[in-house]
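Examination of the molecular architecture
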Amino acid sequence: MPKFAANLTMMFNEVPFLQRFAAAAKAGFTAVEFLFPYESDVQQLARCLSENHLQNVLFNLPPGDWLAGERGLAALPGREEEFKASVALALEYARVLGTPRLHVMAGIVPDGISRPHCLETYCKNIDYAAKELGQYGIDLMIEPINPRDMPGYLLNSQAEAHAIRKMLGRDNLKVQMDFYHAQIVEGDLSTSLTNNLDGIGHIQIASVPARNEPDDGEINYPYLFALLDKLGYQGWVGCEYRPRGKTEDGLGWLPKSV
Ligand SMILES: O=C(O)[C@H](O)C(=O)CO
Ligand SMILES: [Mg+2]
């Protein structure tokens, strides 16, 4: 059975963020991921991990002004210096927390700027970030996101993400395969997973269309979990879903040892 990491941004939202570490550990998780840790003191986060015997397997680089609708800086021409500063900040956190991989969000293609121009900016920034993280043995994830959840987001398909990964040729640049997004955009999950396994650095799960626990909706997760085992996938599976009700009440799908 794959290794599952609780997503503390989406799960255990019955309690404040810093109390979710203990809640995840109590539920049996040994690993967690989250989106953006930057509102918390990094040493406090390190204590939350160590006190609860958890490892952090992923978090995101700063996304720009989230409340203003920004969803990443990497593809935004003219924001390169801000992007480089976001890489430095994420590195500070990752080195303290021992995080082995970081997800960099691409961003929404701005009005008046061509997609090819954004794609060129994105590739240059991703290459820079991968080089910086690589000095510390940290992998960089790029994740296609569906246009229903994020209209205008630059990167939507697994195929394009793997093409960028191969073109840049950085060993520590990997694709984050979120089955929720991949199902919405292109489906064909098991073949895409099988054909691209070497280039996949992290997986995330949620039901489609509701983005709840992976025990409902149109994706056959028991089939995919068995395929991950058969393929020998050694990475983590992030539970990036919105619990239908109380988080603990929705964990019946988890194997006993997560
Ligand atoms: O939304 C997602 O699936 C991504 O994993 C993310 O981190 C940005 O929201
Ligand atoms: Mg995701």
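Everything quoted here is computed from the prediction, not taken from an experiment. (Residues numbered from 1 in each chain as written. Chains lettered and ligands numbered in written order. Predicted model: local features only at pLDDT ≥ 70, side-chain atom pairs only at ≥ 80, totals over all residues. Heavy atoms only, no water.)

We now examine the sheet that holds strand 6 (residues 173-178). By definition, the strands of a sheet pair up through backbone hydrogen bonds, in either a parallel or an antiparallel sense. The strand order 1-2-3-4-5-6-7-8 describes a closed barrel built from eight strands, whose pairing is parallel. Geometrically, the sheet is characterised by an average inter-axis angle of 30° between neighbouring strands, direction not taken into account. Relative to strand 4 (residues 101-103), strand 3 (residues 55-60) is paired through two bridges, and the arrangement is parallel. By the bridge assignment for strand 4, Asn60 is matched with His103. (Pairing = 2+ DSSP bridges. Helix = DSSP H or I, 4+ residues; strand = E, 2+ residues; numbered from the N terminus. Axes fitted to C-alpha atoms, helices over the stretch in contact; angles between N-to-C directions.)

Of note, Met10 is situated in the loop between strand 1 (3-7) and helix 1 (20-26). Looking at Met10, the relative accessible area reads 15%, which means it is buried. For Met10 and Gly134, which are 124 residues apart along the polypeptide, the C-alpha to C-alpha distance reads 28 Å. (Buried < 20%, exposed > 50% of the residue type's maximum accessible area, 1.4 Å probe, protein only.)

In this section: helix 8 (residues 221-231). Within helix 8, the full set of buried residues consists of Tyr221, Leu224, Phe225, Leu227 and Leu228. For helix 8, the arc enclosing every buried residue in end-on projection is 160°, short of the 170-degree limit, so these residues lie on one face. Turned more than 90 degrees from where helix 8 packs its buried face, Pro222 and Lys230 sit exposed. In this fold, the buried residues of helix 8 make contact with strand 1, helix 6 (179-185), helix 7 (189-196), strand 7 (200-204) and strand 8 (236-239). Just past helix 8, the residue Gly232 takes up positive phi, approximately 75°. (Arc of directions from axis to C-beta. Contact = heavy atoms within 4.5 Å.)

For the magnesium ion (ligand 2), the full set of protein donor atoms is Glu143 (OE), Asp178 (OD), Gln204 (OE1) and Glu240 (OE), and the range of their distances to it is 2.0 to 2.2 Å. Geometry at the magnesium ion (ligand 2) is octahedral, judged from the six donor atoms that bind it and their angles of 77 to 172° at the metal. You can call Glu143 buried: its relative accessible area is 4%. Accessibility expressed as a relative area gives 0% for Asp178, which makes it buried. (Donors = N, O, S within 2.8 Å, 3.2 Å for Na, K, Ca; no water. Tetrahedral: all angles 85-135°; square planar, octahedral: opposite > 155°, others 65-115°.)

So, on to the pattern of salt bridges. For the structure on display, the rule yields eleven salt bridges. We note a salt bridge from Lys131 to Glu132, for which the minimum N-O separation is 3.4 Å. Relative accessible area serves as the criterion here: at 18%, Glu132 is assigned to the buried category. For Asp215, the salt bridge goes to Arg244, with nearest N and O atoms at 2.8 Å. Residue Asp215 is found in the loop between strand 7 and helix 8, and its partner Arg244 is found in the segment after strand 8; the two are separated by 29 residues along the sequence. Classification of Asp215 as partly exposed rests on a relative accessible area of 41%. (Salt bridge = Lys/Arg side-chain N within 4 Å of Asp/Glu carboxyl O.)

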